[in-house]
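Secondary and tertiary structure notes
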Amino acid sequence: MDEVKGIMNKSGKKPCALLTGGAGYIGNHTAIEMIKADYDVVIVDNLHNSYMEALKRVEKILDQKLTIYVEDLLDKAALQKVFSKHHFDCVIHFAGLKAVYESVEKPLLYYRNNLNGTINLLENRFG
Ligand SMILES: O=c1ccn([C@@H]2O[C@H](COP(=O)(O)OP(=O)(O)O[C@H]3O[C@H](CO)[C@@H](O)[C@H](O)[C@H]3O)[C@@H](O)[C@H]2O)c(=O)[nH]1
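Because the structure is predicted, anything quoted here is derived from the model rather than measured.

1. Observations regarding the pattern of salt bridges
- For the structure shown, the criterion picks out six salt bridges.
- When the shortest N-O distance is used, the salt bridge between Glu59 and Lys65 registers 3.8 Å.
- On the basis of relative accessible area, Lys65 is assigned to the exposed category, the value being 65%.
- The partner of Glu102 in a salt bridge is Lys106, and the shortest N-O contact between them spans 3.6 Å.
- On the basis of relative accessible area, Glu102 is assigned to the partly exposed category, the value being 27%.
- With relative accessibility at 42%, the residue Lys106 sits in the partly exposed group.
- Through salt bridges that share partners, Lys56, Glu59 and Lys65 make up one connected network.

Set out below in structure tokens:
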């Protein structure tokens, strides 16, 4: 992340990144690296496969509070609220179901969740 450290957005402010699934393993490590690279980070996670405790540990590591919304990407109104409160310069989308065995057992659940969650995100970002 050294290449982007200290970079500013078009308004001359710290860039702000939305991390969906930011409470997951990959998400919370990404949050740490982005915050170290001077990004503001906003996390949206429904805690389906993670715990608030992990984010509390991240806060301890960074010695700062995180901006966290425990929301589901399928909840359009909740997502709209998040987008109305922040201007995101980038979005990193980790919030998805990805257990291989379960996806074979319940393919429609996976399609519904992962596609609709992504579409809701894109609608808020570009719609
Ligand atoms: O509809 C959804 C689906 C998932 N999530 C969240 O998205 C995150 C996704 O992360 P996770 O499922 O934990 O995936 P990874 O962060 O990629 O972690 C996985 O991959 C790691 C590296 O291989 C393993 O160490 C972990 O055990 C394994 O869960 C989690 O916080 C979920 O709660 C949502 O918010 N909405």
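2. A few points about the site of the ligand
- Surveying the vicinity of the ligand reveals 17 residues, the closest of which are Tyr25, Asp45, Asn49, Ser50 and Asn113.
- Within the backbone of Gly24, an N or O atom sits 3.1 Å from an oxygen atom of the ligand.
- In this structure, Asn113 approaches the ligand through a side-chain N or O atom, which is 2.8 Å from an oxygen atom.
- Among the residues forming the shell around the ligand, the class breakdown is seven nonpolar, eight polar and two charged.

Conventions adopted
- Residues numbered from 1 in each chain as written.
- Predicted model: local features only at pLDDT ≥ 70, side-chain atom pairs only at ≥ 80, totals over all residues.
- Heavy atoms only, no water.
- Salt bridge = Lys/Arg side-chain N within 4 Å of Asp/Glu carboxyl O.
- Buried < 20%, exposed > 50% of the residue type's maximum accessible area, 1.4 Å probe, protein only.
- Near = heavy atom within 4 Å.
- Polar contact = N/O pair within 3.5 Å; in protein donor to acceptor, adjacent residues only side chain to side chain.
- Nonpolar A, V, L, I, M, F, W, Y, C, P; charged D, E, K, R; others polar.

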